[in-house]
Amino acid sequence: MLACVAGVAAPAGSGASATATATAKSKCKHRHPHHRKRCRKKVSSESPSGAGAGGGGAGGSTDPASPPGRLLATEREISPTQLQLQLSRPSLSAGPAIVEQHNAGEDPHNLILEQAGFVAFSFDTLDPGGNARQTVTLKRGTYTLYCSLLDHRSLGMQATLTVN
Ligand SMILES: [Cu+2]
């Protein structure tokens, strides 16, 4: 955003009062295509999901009747033999939900959402400190969330989510 402002803020010589260079300037259109390109934010190659571009918004949904539920799944190591997958809430309503995976540990972790023995959703492996977000559609029932790397699940990196 700031880059856009800086790029456009060059009004000098654009007015008709600048008689000396008016002729030359007038030939120059102010809306150069390359100026527009400058304003475009570069897409980071690190973020695999380009869909959730509206991050950080405070309730931008236009449908107040059924806002998507939100779930934060935080992964961390308590000790070498005790891992943890902590959910921000134990249950959600069926329907669309924004699930965010946060790796608060020191090792890479992924996130699998399994229902009735089948993988319903999966998140790619995240490096320490990483975040990933997906909008999913949850069905009624019980989901088991876990990390499938190595023996992380059996070491405790697992949690249960109830969908009503
Ligand atoms: Cu893991």
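Thresholds, definitions, all that
Residues numbered from 1 in each chain as written. Predicted model: local features only at pLDDT ≥ 70, side-chain atom pairs only at ≥ 80, totals over all residues. Pairing = 2+ DSSP bridges. Helix = DSSP H or I, 4+ residues; strand = E, 2+ residues; numbered from the N terminus. Axes fitted to C-alpha atoms, helices over the stretch in contact; angles between N-to-C directions. Core = buried A, V, L, I, M, F, W, Y, C linked by C-beta atoms within 7 Å. Buried ≥ 20, exposed ≤ 12 C-beta atoms within 10 Å, placed from the backbone. Contact = placed C-beta atoms within 7 Å.

Asks: Please clarify how the sheet that holds strand 1 (residues 69-79) should be interpreted in this entry.
Replies: Picture the strands of a sheet paired through backbone hydrogen bonds; they go either parallel or antiparallel. The strand order across the open sheet built from four strands is 2-1-4-7, with neighbouring strands paired in mixed fashion. Two strands in the sheet have a free side with no partner beyond their single neighbour: strand 2 (82-87) and strand 7 (131-138). Neighbour-to-neighbour, the strand axes of the sheet open up by a mean angle of 20 degrees, direction not taken into account. As defined by bridge partners, strand 1 adjoins strand 2 across six bridges and the pair is classed as antiparallel. What sits directly across from R76, in strand 2, is Q84.

Asks: Where do I start with the sheet that holds strand 3 (residues 91-92) in this structure?
Replies: Across the sheet, five strands lie side by side as 3-9-8-5-6; this open sheet has mixed pairing. Every interior strand has two partners, whereas the edge strands, strand 3 and strand 6 (118-126), have only one. Across four bridges, strand 5 (residues 109-115) lies against strand 8 (residues 141-146) in antiparallel orientation. Within strand 8, the residue paired with I112 across the bridge is Y146.

Asks: Whenever I open this one, the nonpolar core confuses me. Can you help?
Replies: Judged by nonpolar contacts, the single largest core of 17 residues is most densely connected at A73, L85 and L145. Counting residues per element, the ones that place at least two in this core are strand 1, strand 2, strand 4 (95-103), strand 5, strand 7 and strand 8. Of the residues forming this core, the biggest block, three residues, is contributed by strand 8. In this structure A73 touches L85, L87, V99, E100, Q101, H102, L111 and L145, once residues within four positions along its chain are discounted.

Asks: Can you walk me through the environment of V136 in this structure?
Replies: Secondary-structure assignment places V136 in strand 7. Residues V136 and A120 lie 16 residues apart in sequence; the distance between their C-alpha atoms is 9.2 Å.

Asks: I tried to follow the environment of P128 on my own but got confused; where do I start?
Replies: Structurally, P128 is set in the loop between strand 6 and strand 7. In sequence terms P128 and E106 are 22 residues apart; their C-alpha atoms lie 5.2 Å from each other.

Asks: Quick question: what am I supposed to make of the pairing of strand 5 here?
Replies: Put simply, side chains in a regular strand alternate between the two faces of the sheet. Examined bridge by bridge, strand 5 and strand 6 share six bridges and lie antiparallel to one another. When the bridges of strand 6 are listed, E114 appears paired with V119. Adjacent in sequence and paired antiparallel, strand 5 and strand 6 are bridged by two residues, among which A116 carries a positive phi angle near 55 degrees.

Asks: When you look at unusual backbone geometry in this model, what are you seeing that I'm missing?
Replies: Only a minority of non-glycine residues have a phi that is not negative, and only a minority of peptide bonds are not trans. Phi at A116 takes a positive value of approximately 55 degrees, unusual for a residue other than glycine. Positive phi, close to 45 degrees, is recorded for L150, a residue that is not glycine. Structurally, L150 is set in the loop between strand 8 and strand 9 (158-163).

Asks: When you look at the pairing of strand 4 in this model, what are you seeing that I'm missing?
Replies: Taken together, the seven bridges between strand 1 and strand 4 define a ladder with parallel strand orientation. Each bridged residue has a counterpart across the sheet, and for R70 the counterpart in strand 4 is I98.

Asks: Teacher, can you tell me more about the environment of T81 here?
Replies: With respect to the helices and strands, the residue T81 is situated in the loop between strand 1 and strand 2. A count of 9 C-beta atoms within 10 Å places T81 in the exposed class. A C-alpha to C-alpha distance of 6.0 Å links T81 and L155, two positions 74 residues apart in sequence.

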